[in-house]
Each structure stands twice: as structure tokens, then as C-alpha cells.
Amino acid sequence: MSHLRFLVATLKPHGIQFLVKQDVARKVFLQRQRYVSSGATEPFLSGSNSNYVEEMYYTWLENPKSVHKSWDLFFRNANAGAPPGQAYQTHLPDLSKSRALLFQSHGLAKTPGKAEKLVEDHLAVQSLIRAYQIRGHHVAQLDPLGILDADLDSFVPSDLITTIDKLGLYGLHESDLDKVFRLPTITFIGGDETALSLREIIKRLENTYCQHIGLEFMFINDVEQCQWIRQKFETPGVMKFTNEEKRTLLARLVRSMRFEDFLARKWSSEKRFGLEGCEVMIPALKTIIDKSSEMGAEYVIMGMPHRGRLNVLANVIRKELEQIFCQFDPKLEAADEGSGDVKYHLGMYHERINRATNKNITLSLVANPSHLEAVNPVVQGKTKAEQFYRGDTEGKKVMSILLHGDAAFAGQGVVYETFHLSDLPSYTTNGTIHVVVNNQIGFTTDPRMARSSPYPTDVARVVNAPIFHVNADDPEAVMYVCNVAVEWRNTFNKDVVVDLVCYRRRGHNEMDEPMFTQPLMYKQIHKQVPVLKKYADKLIADGTVTLQEFEEEIAKYDKICEEAYTRSKDKKILHIKHWLDSPWPGFFNLNGEPKSMTCPPTGIPEDMLNHIGNGASSVPLEGFKIHGGLSRILKGRLEMTKNRVVDWALGEYMAFGSLLKEGIHVRLSGQDVERGTFSHRHHVLHDQEVDKRTCVPMNHLWEQQAPYTVCNSSLSEYGVLGFELGFAMASPNALVCWEAQFGDFHNTAQCIIDQFISSGQAKWVRHNGIVLLLPHGMEGMGPEHSSARPERFLQMSNDDSDAYPEFSADFEVSQLYECNWIVVNCSTPANYFHVLRRQILLPFRKPLIIFTPKSLLRHPEAKSSFDEMVSGRSSYKCCELTSICMQSACQTIYSESDSLLYNQKHAISLQISSGARTGGMRASLSWAKDRRVFLYVGREPAAAPATGNKNAHLVSLRRFLDTVFNLEAFEGKMF
């Protein structure tokens, strides 16, 4: 398989073995002399090692400096004719004698030129085969319209035999076409045959790589995986279907196309983002699900943009058609509170029997906003959670399918972020099947203006995912590719991409006119025969079905649609909860409401506090050597436990540890969360003497406890926050936390916050208990590491500041239930402890936004007593209020008031819930008792949230403190 690997080629006249593959093209042009010798005595050149040597040699040919200098020496010497046993030597003997002896030993001393020509011709054929494997996709017939090159380049690789004269590149001629060549082990085109004529070799390569399937896989650096793909596509006769399979495929195409036709007839002026031009996507998805079910999958989670969503809901998820049709009724009233969402954004959850396998299958299509690829990490997180709770460590039972548009797949950065989670231990879903609906256009933008890469799928190459391009007007090719994609995932647990090269029969939506911007493309589209007619004509012609059977299938589905349409007229009320993508059976009552409006006290027994404190202060593994500095931290925790106090880190440990004992899974994710950005957490201990040996003490607290997952994420906010949101969707009985490295870094994930977290319940009746930990504090660290921008979260809260709910026994819990999320700024470690536990004890789930401290993590006064955390206690409350401020400002004021002995004035931090409105900067609202008004103390309005100049920060801080303790500064000011 390597140009330097020694192959056994039997020469019939002499019965001699030939060795050593070389780069034929270079030999032709550079007239190099090649010498052959037996590799039988060199075991490293045989067996599986030869695969490795082959890849090393190809790499060396491209760039000799890209391999280690020892390999460079070996390849150079081998090219000079050295036998493998000597090629690694720095100083070689004269090779001319070796060459003569070699030919003499093979009985070819008199005809070395003829022998070399035979070897060179065989090696030329091997290079030709490899050229098709690498670049055949560039000339594959992928575009159903026949007017575009799917790779945006009309260039034809020079090493593909598109014309006879190109044989000369390999030192071959037309007269060689009928010569028989032994096939190398890097190809399966021979099937059971070991040798083929050159003419047949080229024909089979063209049939495999240059027809309706274009394969990109030779960039994968695993030889076994490359061989697997070669075998799946090169073996003669692999793409055969039974008549029953063809009839099923035709029936699925009928349903896909007639569904779109029905909607177009009934609601011609409605936006529906139909699938016309890629109707084959429906049978493709059903094939993937059928094959996955056959291989053991029980739960398939899907994410997709809006194009084709209604068709997927109807024909893949099996949503009742009348529930879909009634959505087009403008008089339909909403039964659920909230905004709701347009029909082509909604999700669905359904359990049914898979007809192909007669096995139970659960399908979930996750709701998605118009931000096309935003749902990708959400789907991956939900998939990971379902695998986690089922103990499905290899992803055999739960899997994900992601559908994409070509423009978004190439243009949206979250696609790249999601791919880079695919092989991380705490984020992998053991392979995702990506299906790209490649319309070859993005809204009105030509792909040549939409991406710099040849294909829209090139982003998948970064994780060595194979890419299967396929002409969407060849349904059987599509089905075969989908089957192989499922087998690939099941075999290697890696991502795979199916690129359906198709077209968009209408505009971006049904009201759009595409001829404005793509006149030539749409002239061809208007002439294009639909794929259903093409395939039906083919099956009728070969006798697989009759015309009558085909027409009966159409009439059968049309009748189903008409009957559903009649029933839909009786629907007067829309229940969004019927479109829920992630139900939590048993958590709510049958009406989807909380079973109660009470929350038990969040405190825990003192003996539990002591037990957790002792666990947080020790190393549970024997012989585990920790860092000296960490030993001091653990001793400090033990001392605090003895003194019945906690700081922020220990308060968090108490909350997490107590929930684990109660069977609640806790997951903490984000950048550097294992140690903590500010080196305060240290939930993962590292052995200082044994590489990669780690310990998580929190998983050793109790004999019977839920697992604790703490994982450093990739340097991503958008993708990782979306992932954790999806993880939290799977179960209400888990505390899922995402911590930003600094609070303002959440703005990189603003799409997830705006479209899913803030408004998810209003749009999709979806509860979610995700926790965002956002370090916040105006402490002189500059504009980017100071404010977590609490004003943004408060602004997006749905509280009506002019509405005052009636006080009742369940007032506090009811008030939280009415909010779209809970925004808090804890004043003490005890409050942090209580709010984390309350998140699980509440009878519903709301996103929780916590502004966490930075410098206060080590402030000697920032501690809480066990008395504030024991059984019967809930969030610690203060009654006397003089200054409302963020917790860092609060502690600063405390310290200043102590130094001034100004104890008659007390400053506390208010737990900010939704509805409070403040700027979020270092500020205080001072209560002037004599005037009964609030007075603002803080920075002046500024575009940047904080200064980057240390002196300016200190001057501002001094002014702030002087004003807080000097109410006379407000004399004469109007408020």
C-alpha cells in the first residue's frame, strides 16, 4: 500500500516476486532508476506495518521535511536503490553491483529493462487507482441540474483518465488498455478477481468515483477506516436493491412529494419552506432510522432548520396530519400562555414501532429558531444526556441526526464549534450523522460568494469525518450512501456527512421570486423533471411496479391528506404542549402544571455539612501525590469545617455534595472549571508523579450517590452553552451548570441565551433548569473582565414592573414561576448554597443566572456560618436595608464602614430577582431616611463597562465610597 512497501507480484514466465512500489509519475518525468529487492526478511514492511509505511511515504513525497529525519534518510536511500535492510544506513555501499546481483538472482540479468518496465507499469496502475480515490469526486456527476460544479471548480484533475492521452502521465499508452495488471491491496474493484485489464480498471474506477456518488475520505489518517470505505463502495455489485426495497423507496418518495403538493394546493400563499427539489430527504432519513434501529438504536434525536420541517414532522416523526394542517388556520387560538412560535420552528417527541424492524423507536425533533445551525450543540447535549442516563457509553442505543443547509453549514461558526466537541470525552455522542440539503444556493446568494472552500461540507474534514456527496436525483444512490453512513457510525463511533446535492424548486420561501437573482438556474429548474417521476418511470420500465400500482399509491396518500384536512377544520385551539420535544413524564401533572407551589427548606443537617466538608478536605485515593499548594487549600477547608464556616468554594461543594446524596446528578462544565478560573475550586486533583492520574473527591462522598461530572470544555461559549442546555433538557432531576471564564464571555453565546434560554418556555412550553455561573465584579481588571452585564438579563426578564401580585402563602414560589428565568446576585456563600439547592427543590424548572464573585472568593469576611445552612433554613435574608448594590460593592462598603466606624449605616447586597432594574456596574442605591428617596451612587454612563487604567479605577472607587458615606453630596440634586 506504500510506494515503498514491497509487494509480491508473480511474474508468470519466471515465477519471481517483485517488490517496492515507487512514485510512477516522478519516475516518468525524472527518469529515476529503481532497484528491487526482497522485503521478506524485513518484517516491518509487511502486515499491518506496511499500511503505516505507506502513509509515511506519501507524506514524504509531498514534503520530505514533514517526516522525521530518520524516515527521510530511509526513503531517500530506498529511492536510490538501497534494499530495505540497508536503506536506514547513513553510508551505503555502491549500489550498482547490488542491482546486477539482484536481477541475476531473479533470472532477469539479461532483461533488466523489461523487468523494470513491468514493475513501473504495475506501479503506474496503483498510482492511477489512488488518483481516483483521492480526486474522483471532482468530476462526479453530482448536480441534478447539470449546470454547476458541486465543488465550485470546473477544473478536471490531470491525473484522472478523462481522455486517452492522459495515460501518458503514467508512462502508459492506448496499447496498454487491454493488458492485465495485478490489483494492489489498496482497492476492491476486482471483487473476487486479483487482476484486471487496464480498460476494466479505469471503467470500474469511474463507476465508483465519478458517477452519482462523490467520495471524500482519503484525508483520513486511519488506514483501516480508509480500507473500510473502499470496500463499501468499490466492491462490484454492492449497490443492489431488492424489488421490495425499491417499492418501499418509491412509496416514501410519493409521500414526500405529495405532501408538499397538497400544502401548495391548499395554502398557496402561505410560507411553509417546502422540500421541493430535495424530496429524497424523507426516504433518506427513514433509511437512516431503519438501519439504525436494525443495529440497536432505540432513540434518535434530530435537529434541523426550517426547510422541510413540516414534511419531516408528517412523514418521519409521524405527527398527526390534522395537527399540522390546522396550523395554517389564522383563526386557531392558542391554549397555552406565551408567544408560541411559527409552525416550521416547532419540535416533536414520538414513540412508535419501526415498521422495517418491528422494534420500538423514539424520535425527537428539537425545536429550533430561525438561527439555522444554533440547534446543533443543543441536540448533541440532549443526546449525550440520554446516553448518560441509559449507561449507553458507546452510543449504540441513542444517536443524533443533524440536518443542515449548504450555506449555513459553511458559514455558521457554531458548526465548527460543535464538530470540535465530537471526540471530547465529556461531550462525545459517539458519532453523529450529518445530512446536508445542498440547494446550491443560500437565500439569494450564489455559493461562489458564500464560501471559500470547494464544498460546503469541508468543515467536517477537521475531525476526519468522511463526506459522501450524492446526486439527490438518484434515490437508490442516496439510500445506499445513507446505509453506509449508519454502518460507519456504528463501526467507528465517528461523525459522517451525507451531502445531498439537490436544488430548491421555489424561492427561499413560497412568496419569494428567485428569478431576480438566479435566472439561469431557475430556467433550468422549471424544466427539471421531478425525482418522483424519474424514479417511477425507471421502475415501471424495468417491471418492478406497474403504472396502475404507482397511481394507486398516489391516490392512497392523497386520500389520507384530504381526510386529515377535513378533521383539521374541527381544531379550534392550538396546544403547543402537544409539540413538546423533551417531555418529563411524572414531573408535572397531566395538564403540564407543577404539582404544587411550595418549596421545602433548602438547609441540610449539620452532620451532612461536616461530612461533606471533611470529604472536600481530603484525598480519597491512597498513594496520590498532590501539589503542595493544594495541600494548604485542603487544610484550609478542613479548618473552616471545624470552625463551622464556609467560603464560596466550600459553600458550592456543600450544595453539590448534598444533591448528589439525594440522587441528583450534578454536571459542571465550562472553560477551566475543574480547577476554577480563579484557582478556588479544585474539584479534580492531579497526581504530581503519575501522568494523567486524577481524582474527583466529590465522587467519593457517599456509598450510594449520583455521579458528579466536572469537565473542562473546549474554548467555546456558543457551542458549549448550547450543549449544556441540551443536556439539561433531558431530565429535570439534574443540576446542569455552565460557568463562563469571565461573566462577559457569555456574549459569545448570546444566541443561545436569547433564542433558547430566555424565551424557550414562551415559544415552546419547554422548561429548563440550566444554571449560568457568570463571574462579575468591577475590580480594575479592564473592560472585558469586569461586568457580566446583569442589566441585559434583567432587561430580558418578563416581569411587569407595574404589576404587583397578591401576597399569599405561596407568593415567593408563584412569583418565581411567573418569571421566564431567575436572576440572582448572592450576597453570601450561604445564599449561594441555598439558591443552588432551591434550583432542584422547586416544583418546576427555570433557568438560573448567578453573578458569582471573583475577589470575594478569598476575602476573609466573605464567609457564612453553618447556622445559615442547617435544616429548616432557606435563603438568608436581611431586613434592614440601607444600600442596594452588587455583592463586590457590598463587601467594599462593609470594609469601608468598618474602617470609618460608621456602623449605623448598613450596606447589604440584594438578591436581584427578575423585575429589579439596575445598571449592573459598581453602583449603590442609597436610602436617605430623612427624604424617603433612593439616591444613585455609581459610575457615569459609559460605552465600556469598566476602565482599563488602574489609577482611573482607584479614583473612581474612592469617589464611589466617599459618596456612599456622604449624603451631603446629593444636596441640590434633583431625582
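Numbering of residues starts from 1 in each chain and follows the order in which that chain's sequence is written. The model is predicted, so local features are restricted to residues of pLDDT at least 70 and side-chain atom pairs to those at 80 or more, both for listing and for counting; the totals for chains, interfaces and linings are taken over all residues. By convention in this description, side-chain values take in all heavy atoms of the structure and omit both hydrogens and water.

1. Considerations on the overall build of the protein
Along its length, the protein carries 30 helices and 28 strands. Exposure is judged per residue with a 1.4 Å probe applied to protein chains only, and the accessible area is read against the type maximum: over 50% gives exposed, under 20% gives buried, and values in between give partly exposed. Split into buried and exposed, the 975 residues of the protein put 57% on the buried side. Throughout, a residue-residue contact means that at least one pair of heavy atoms, one from each residue, lies within 4.5 Å. The long-range fraction of contacts in the protein, counting pairs at least 24 apart against all pairs at least 6 apart in sequence, stands at 77%. Put simply, DSSP H or I for four residues or longer makes a helix, DSSP E for two residues or longer makes a strand, and each gets a number counted from the N terminus.

2. Here's the deal with the pairing of strand β21 (residues 771-775)
Within β21, five of the five residues are buried, which leaves the element mostly enclosed by the surrounding structure. Covered by surrounding structure in β21 are Val771, Leu773 and Pro775 together with Leu772 and Leu774, the residues of both alternating faces. Strands were regarded as paired on the criterion that DSSP finds at least two bridges between them. In terms of strand pairing, β21 meets strand β23 (residues 848-852) through five bridges, oriented parallel. The partner of leucine 773 across the bridge, within β23, is isoleucine 850.

3. Looking at the packing of aromatic side chains
Each Phe, Tyr or Trp ring, with Trp reduced to its six-membered ring, pairs with another whose centre is within 6.5 Å; inter-plane angles below 30 degrees give stacked pairs, above 60 give edge-to-face pairs, and intermediate values give tilted ones. In the structure shown here, the tally under the stated rule is 29 aromatic pairs. Here the aromatic rings of phenylalanine 409 and phenylalanine 419 are separated by 6.0 Å at their centres, their planes lie at 70°, and the arrangement is edge-to-face. Here the residue phenylalanine 409 occupies a position in helix α13 (residues 406-411), and phenylalanine 419 occupies one in helix α14 (residues 413-419), the gap between them amounting to ten residues. Consider the rings of phenylalanine 742 and phenylalanine 745, whose centres lie 5.7 Å apart with planes at 65°: the pair is edge-to-face. A residue is classified by how much of its surface remains accessible, and phenylalanine 742, at 9% relative accessible area, is buried. The rings of Phe259, Phe262, Trp267, Phe325, Phe328 and Tyr565 are connected pair by pair, giving a single aromatic cluster. Throughout this description, the term charge over a ring refers to an Arg CZ or Lys NZ atom that lies within 6 Å of the ring centre and within 35 degrees of the ring normal. Sitting over the ring of tyrosine 427, arginine 667 keeps its end group 5.3 Å from the ring centre.

4. Here's the deal with the layout of surface pockets
In this model, the second largest pocket occupies a volume close to 1,100 Å³. With a 1 Å grid spanning the protein atoms alone, the term cavity applies to any set of points in which a 1.4 Å probe fits but cannot get out, the term pocket to an open set with protein on both sides within 12 Å along at least five of seven lines, and the term lining residue to any residue with an atom within 4 Å of a point. If you go around the second largest pocket, you meet 40 residues; those closest to its centre are Thr248, Leu249, Ala251, Arg252 and Lys286. Within the residue set of the lining of the second largest pocket, elements represented by two or more residues are α8 (243-266), α9 (281-294), α10 (309-315), α11 (321-325), β8 (348-354), α16 (475-492) and α19 (547-568). The element contributing the most residues to the lining of the second largest pocket is α8, with nine residues. The residue classification treats Ala, Val, Leu, Ile, Met, Phe, Trp, Tyr, Cys and Pro as nonpolar and Asp, Glu, Lys and Arg as charged. All others, Gly included, are polar. For the lining of the second largest pocket, the class distribution of residues is 14 nonpolar, six polar and 20 charged. Grid points are joined across faces, edges and corners, and a volume is the space filled by probe spheres set on the points.

5. Some thoughts on the side chain of glutamate 276
Checked against the element boundaries, glutamate 276 lands in the loop between α8 and α9. Excluding its chain neighbours within four sequence positions, the residues that come into contact with glutamate 276 are Glu260, Tyr503, Arg504, Arg505 and Arg506.

6. Some remarks on the nonpolar core
Side-chain atoms within 4.5 Å link the members of a nonpolar core, which is a set of buried Ala, Val, Leu, Ile, Met, Phe, Trp, Tyr and Cys residues. In this structure, Met281, Val312, Phe325 and Ile401 are the most contacted members of the largest nonpolar core, which totals 155 residues. Broken down by element, the residue count for this core peaks at eleven residues, all from α16. Once residues within four sequence positions are removed from consideration, isoleucine 401 is found in contact with Leu285, Ile288, Ile289, Val300, Ile301, Met302, Gly303, Ile433 and Val435.

7. Examining the environment of tyrosine 57
Here tyrosine 57 lies in helix α2 (residues 49-62). The exposure class assigned to tyrosine 57 is buried, which follows from its relative accessible area of 0%. Considering only alpha carbons, one finds tyrosine 57 and phenylalanine 74, 17 residues apart in sequence, at a separation of 9.9 Å.

8. Details of the sheet that holds strand β12 (residues 467-471)
What the eight strands build is an open sheet, ordered β5-β12-β13-β11-β10-β6-β9-β8; its pairing is mixed. Across the chains shown, the open sheet's two edge strands, defined by having one partner strand only, are β5 (213-216) and β8. If you compare each strand with its neighbour and ignore which way they point, the axes differ by 20° on average. In this structure, β12 lies alongside strand β13 (residues 496-501), joined through five bridges in parallel fashion. Opposite histidine 469, over in β13, you have aspartate 499 as the bridge partner. Strand contacts of helix α12 (residues 375-390): β6 (299-303), β9 (359-365), β10 (398-405) and β11 (432-438), with the helix running at about 175° to β10, the strand carrying the most contacts. For helices, the fitted line uses only the C-alpha atoms of the stretch in contact; every axis is such a line through C-alpha atoms, and the angle between N-to-C directions lies from 0 to 180 degrees.

9. A closer look at the packing of helix α20 (residues 606-616) against helix α21 (residues 628-642)
Running from N to C, α20 and α21 cross one another at 165°; their axes reach a closest spacing of 8 Å. Taken as axis vectors, α20 and α21 run roughly antiparallel relative to one another. Crossing angle aside, the handedness with which α20 passes α21 is left-handed. Within the contact between the two elements, α20 uses Asn610, Gly613, Asn614 and Ala616 and α21 uses Leu634, Arg637, Leu638 and Thr641. Its residues assigned to classes, the contact of α20 with α21 comprises three nonpolar, four polar and one charged. Reported orientations rely on four angle classes, namely roughly parallel under 35 degrees, roughly antiparallel over 145, roughly perpendicular from 65 to 115, and oblique for the rest. Left-handed describes a crossing whose near helix is turned anticlockwise from the far helix through less than a right angle; right-handed describes the clockwise counterpart.

10. Some points on the pattern of salt bridges
In the sections that follow, a salt bridge refers to a side-chain nitrogen of Lys or Arg positioned within 4 Å of a carboxyl oxygen of Asp or Glu. One pass over the structure, following the stated rule, counts 36 salt bridges. Arginine 390 is the partner of glutamate 298 in a salt bridge, and the nearest nitrogen-oxygen pair spans 3.7 Å. On the criterion of sequence distance, the pair formed by glutamate 298 in the loop between α9 and β6 and arginine 390 in helix α12 is long-range, its members being 92 residues apart. With relative accessibility at 36%, the residue arginine 390 sits in the partly exposed group. Salt-bridge contacts for aspartate 867 lead to arginine 644; the nearest nitrogen and oxygen are separated by 2.7 Å. Of the two residues, aspartate 867 sits in the loop between β24 (864-865) and β25 (883-885) while arginine 644 sits in the loop between α21 and β15 (645-646), which places them 223 residues apart along the sequence. Given the relative accessible area of 42%, aspartate 867 is considered partly exposed. Residue arginine 644 is classed as partly exposed on the basis of its relative accessible area, which comes to 25%. What emerges from the salt-bridge pattern is a single network uniting Glu260, Arg272, Glu276, Arg506 and Glu510.

11. Re the packing of α12 against helix α23 (residues 718-730)
Two numbers describe how α12 lies on α23: the axes approach to 6 Å, and their chain directions differ by 45°. Taken together, the axes of α12 and α23 lie oblique to each other. Seen along the crossing, α12 lies across α23 with a hand that is right-handed. Only Tyr718, Gly719, Gly722, Phe723, Leu725, Gly726, Phe727, Met729 and Ala730 of α23 make contact with α12, whose side of the interface consists of Pro377, Val378, Gln380, Gly381, Lys382, Lys384, Ala385, Glu386, Phe388 and Tyr389. When its residues are assigned to classes, the contact of α12 with α23 shows eleven nonpolar, five polar and three charged.

12. Digging into the confidence of the model for the protein
The pLDDT value tells you how sure the predictor is about a given residue, anywhere from 0 up to 100. The share of residues in the protein with pLDDT of 70 or more is 83%, and the mean pLDDT across the chain is 84. When the criterion is pLDDT under 50, residues 1-44 qualifies, and its contacts beyond four places in sequence or with other chains add up to 138 contacts. Segment residues 927-931 is flagged for pLDDT under 50; beyond a separation of four residues in sequence, or across chains, it makes eleven contacts in the model.

13. Section: helix α18 (residues 531-541)
Of the positions making up α18, those classed as buried are Val531, Leu532, Tyr535, Ala536 and Leu539. For α18, the arc enclosing every buried residue in end-on projection is 125°, short of the 170-degree limit, so these residues lie on one face. The inward-facing, buried residues of α18 contact α8, α16 and α19. Just past α18, the residue glycine 543 takes up positive phi, approximately 85°. For this quantity, the arc is that covered by the directions from the helix axis to the C-beta atoms.

14. As for empty space enclosed by the protein
As enumerated under the stated definition, the model contains ten cavities of 30 Å³ or more in all. There is about 110 Å³ of room inside the largest cavity. Of the residues forming the lining of the largest cavity, the biggest block, three residues, is contributed by helix α22 (residues 648-661). Across the lining of the largest cavity, the residue classes tally to seven nonpolar, two polar and three charged. Taken as a whole, the second largest cavity spans an internal volume of roughly 80 Å³. Looking at the second largest cavity, the residues that line it are Leu725, Phe756, Ile757, Ser758, Gly760, Gln761, Arg766, Asn768, Asn820 and Pro847. Mapped by element, the contributors of at least two residues to the lining of the second largest cavity are α24 (750-758) and α25 (760-764).

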